[in-house]
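Residue-level structure breakdown
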Number of protein chains: 2
Amino acid sequence: MAISEEKINVEGMSCGHCTAAVEKALAALAGVEKAVANLGEKNVTVTYDPGKTTKDDLVNAIEEEGYEVK
Amino acid sequence: MAISEEKINVEGMSCGHCTAAVEKALAALAGVEKAVANLGEKNVTVTYDPGKTTKDDLVNAIEEEGYEVK
């Protein structure tokens, strides 16, 4: 199964605690290899196995932390 | 020993993670009974025993979390 990289726009991250919370929530999902949030660019880049996790799962994890996906 | 209450102005808290980090750092000090940070008012109110912790200790704990005391 090929690994996907997805850049997701996230609104509401205001500090390093926020980026860490988003990264941690994504990394906890099955199939997510890496999640790197960028505060200035308001996004998170996720490397994951689409056979184990869908983009919807990624979006849900971000929203459950209290941030908005644009 | 009388208990003191001190309201300290803090710059740089941008979200609930920040207020939680400041509260936790203060609560970890000996003699601190309560620490409640207010994001909108940019301050934290600390109830503590001045015989166990000084105001300098409170300020240091806040600064070590990466915030500025004004």
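The rules behind the values
Residues numbered from 1 in each chain as written. Chains lettered and ligands numbered in written order. Predicted model: local features only at pLDDT ≥ 70, side-chain atom pairs only at ≥ 80, totals over all residues. Heavy atoms only, no water. Pairing = 2+ DSSP bridges. Helix = DSSP H or I, 4+ residues; strand = E, 2+ residues; numbered from the N terminus. Contact = heavy atoms within 4.5 Å. Axes fitted to C-alpha atoms, helices over the stretch in contact; angles between N-to-C directions. Buried area = accessible area lost by both parts, 1.4 Å probe. Salt bridge = Lys/Arg side-chain N within 4 Å of Asp/Glu carboxyl O. Polar contact = N/O pair within 3.5 Å; in protein donor to acceptor, adjacent residues only side chain to side chain. Nonpolar A, V, L, I, M, F, W, Y, C, P; charged D, E, K, R; others polar. Least-squares fit on C-alpha atoms with pLDDT ≥ 70 in both. Buried < 20%, exposed > 50% of the residue type's maximum accessible area, 1.4 Å probe, protein only.

We now examine the sheet that holds strand S4 (residues 68-69) of chain A. Residues and elements named next belong to chain A. As summarised here, the arrangement of the 4 strands in space is S2-S3-S1-S4, forming an open sheet in which the pairing is antiparallel. On the outer flanks of this sheet lie strand S2 (32-38) and S4, each paired with one strand and no other. Direction of pairing for strand S1 (residues 4-11) relative to S4: antiparallel, over a ladder of 2 bridges. Counted as the bridge partner of Glu 11 is Glu 68 from S4. Sitting on the sheet, helix H1 (residues 16-27) is in contact with S2 and strand S3 (43-48), with an inclination near 165 degrees to S2. In the packing of helix H2 (residues 55-64) onto the sheet, contacts are made with S1, S2, S3 and S4, and the angle to S1 comes to roughly 30 degrees.

The next subject is the interface of chain B and chain A. With 6 residues of chain B at the contact, the number on the chain A side is 6 residues. Surface buried jointly by chain B and chain A totals about 410 Å² across both partners, of which 61% is contributed by carbon and sulfur atoms. Among the residues chain B hides against chain A, the three largest losses belong to Ser 14, Cys 15 and His 17 of chain B. Together they make up 78% of the total. Joining chain B to chain A, the criterion identifies 0 salt bridges. Between chain B and chain A we count 3 residue pairs in polar contact (both at pLDDT 80 or more) in total. Each residue belonging to the side of chain B that touches chain A can be placed in one class, and the counts come to 4 nonpolar, 2 polar and no charged.

We now examine the relation of the copies chain B and chain A. Mapping chain B onto chain A calls for a rotation angle of 180 degrees and an axial translation of 0.0 Å; the resulting RMSD is 0.0 Å. Seen this way, the second copy is the image of the first under a two-fold rotation axis.

Let us now look at the pattern of salt bridges. It is possible for side chains bearing opposite charge to pair when their charged atoms get close. Residues and elements named next belong to chain A. Scanning the model with the defined rule gives 4 salt bridges over all chains in all. In this structure, the salt-bridge partner of Lys 70 is Glu 68, at a minimum N-O distance of 3.7 Å. On the basis of relative accessibility, which here comes to 46%, the residue Glu 68 falls in the partly exposed class.

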